[in-house]
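So the chains spell out like this:
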Amino acid sequence: MALHWSALGEVAAVSIGATVAVAVVFTLGVRAMLNRQDARENGRGSAAALTGAAVCFLACGAAVLYGLYLIIPQFHD
């Protein structure tokens with residue numbers, strides 16, 4: 001049995017990269033929500049922060065759903 005080390009390294013690198021990317025995008029969404037809360041407490045409206053947070057959370061959700069699509073074989077028929 002031969003092990004393809006380059007393929008294993010590639011899968012590990014992509015997995016780590018995707019995990020870091022999703023965590024960073026989620027963190028940006030949480031930060032945008034905190035900015036919106038601060039703006040509302042100071043009497044300013046902040047639709048841009050809400051929109052940014054929504055985009056970040058939707059991107060995270062899309063990444064999770066795509067991962068599930070790749071994992072579950074019934075979706076590939």
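Before reading further, recall that the structure is shown in the block above.
Per chain, residues are indexed from 1 in the order of the written sequence. Selection of residues for local features in this predicted model requires a pLDDT of at least 70, selection of side-chain atom pairs for listing and counting requires 80 or more, and totals for whole chains, interfaces and linings are taken over all residues. Note: side-chain values were computed over all heavy atoms of the structure, leaving out hydrogens and water.

(A) The overall build of the chain, seen in detail. The secondary structure content of the chain amounts to two helices and zero strands. Projecting the C-alpha coordinates of the chain onto the three principal axes gives extents of approximately 65 × 30 × 10 Å. Only protein chains enter the accessibility calculation, which uses a 1.4 Å probe. A residue is then buried if its area is under 20% of the maximum for its type, exposed if over 50%, and partly exposed in between. Counting only residues that meet the buried cut, the chain has 10% of its 77 residues in that class. Each accessible area is a Shrake-Rupley result for a 1.4 Å probe, and residues are judged covered by the shown protein chains and nothing else. Accessible surface, the chain as shown: approximately 6,100 Å² in total, 70% of it carbon and sulfur. Charge assignment: positive for Lys and Arg, negative for Asp and Glu; neither His nor the chain ends contribute. Each charge is placed at NZ for Lys, CZ for Arg, CG for Asp and CD for Glu. Treating the 4 positive side-chain charges of the chain as one cloud and the 4 negative ones as another, the clouds have centres 20 Å apart. In this description a helix means any DSSP run of H or I spanning at least four residues, a strand means any run of E spanning at least two, and both kinds are numbered starting from the N terminus.

(B) Representation of the packing of helix H1 (residues 5–41) against helix H2 (residues 47–71) within the structure. Only the stretch in contact is used when fitting a helix axis, every axis being a line fitted to C-alpha atoms; angles between N-to-C directions are given from 0 to 180 degrees. Where H1 meets H2, the closest approach of the two axes is 8 Å, and the angle between their N-to-C directions is 155°. The angle between the axes of H1 and H2 places the two elements in the roughly antiparallel class. Remark: the crossing between H1 and H2 carries left-handed chirality. Across the interface between the two elements, Val22, Val25, Phe26, Leu28, Gly29, Val30, Ala32, Met33 and Arg36 from H1 touch Ala49, Leu50, Gly52, Ala53, Cys56, Phe57, Ala59, Cys60 and Ala63 from H2. Angles below 35 degrees are treated as roughly parallel, those above 145 as roughly antiparallel, those between 65 and 115 as roughly perpendicular, and all remaining angles as oblique. When the near helix sits turned anticlockwise from the far one by under a right angle, the crossing is termed left-handed; a clockwise turn instead gives a right-handed crossing. Every residue pair with non-hydrogen atoms within 4.5 Å of one another is taken to be in contact.

(C) Representation of H1. In this analysis, the expected span of each helix is defined as 1.5 Å times one less than the number of residues it contains. When the terminal C-alpha atoms of H1 are compared, their 54 Å separation across 37 residues agrees well with the 54 Å that a helix rising 1.5 Å per residue should span. Every buried residue of H1 is accounted for by Gly29, Ala32 and Ala39. Tucked into the core, H1 has its buried residues touching H2. Within two residues after H1, glycine 43 carries a phi angle of roughly 80°, on the positive side.

(D) Spatial organisation of the environment of methionine 33. When you line up the elements, methionine 33 lands in helix H1. Considered as a pair, methionine 33 and leucine 65 are 32 residues apart in the sequence and their alpha carbons are 23 Å apart. Once residues within four sequence positions are removed from consideration, methionine 33 is found in contact with Leu50, Ala53 and Phe57.

(E) Seen up close, H2. The end-to-end C-alpha distance of H2, which contains 25 residues, comes to 36 Å, matching closely the 36 Å that a straight helix rising 1.5 Å per residue would cover. Along H2, the residues that are buried comprise Ala49, Ala53, Cys56 and Cys60. The secondary structure elements touched by the buried residues of H2 are H1.

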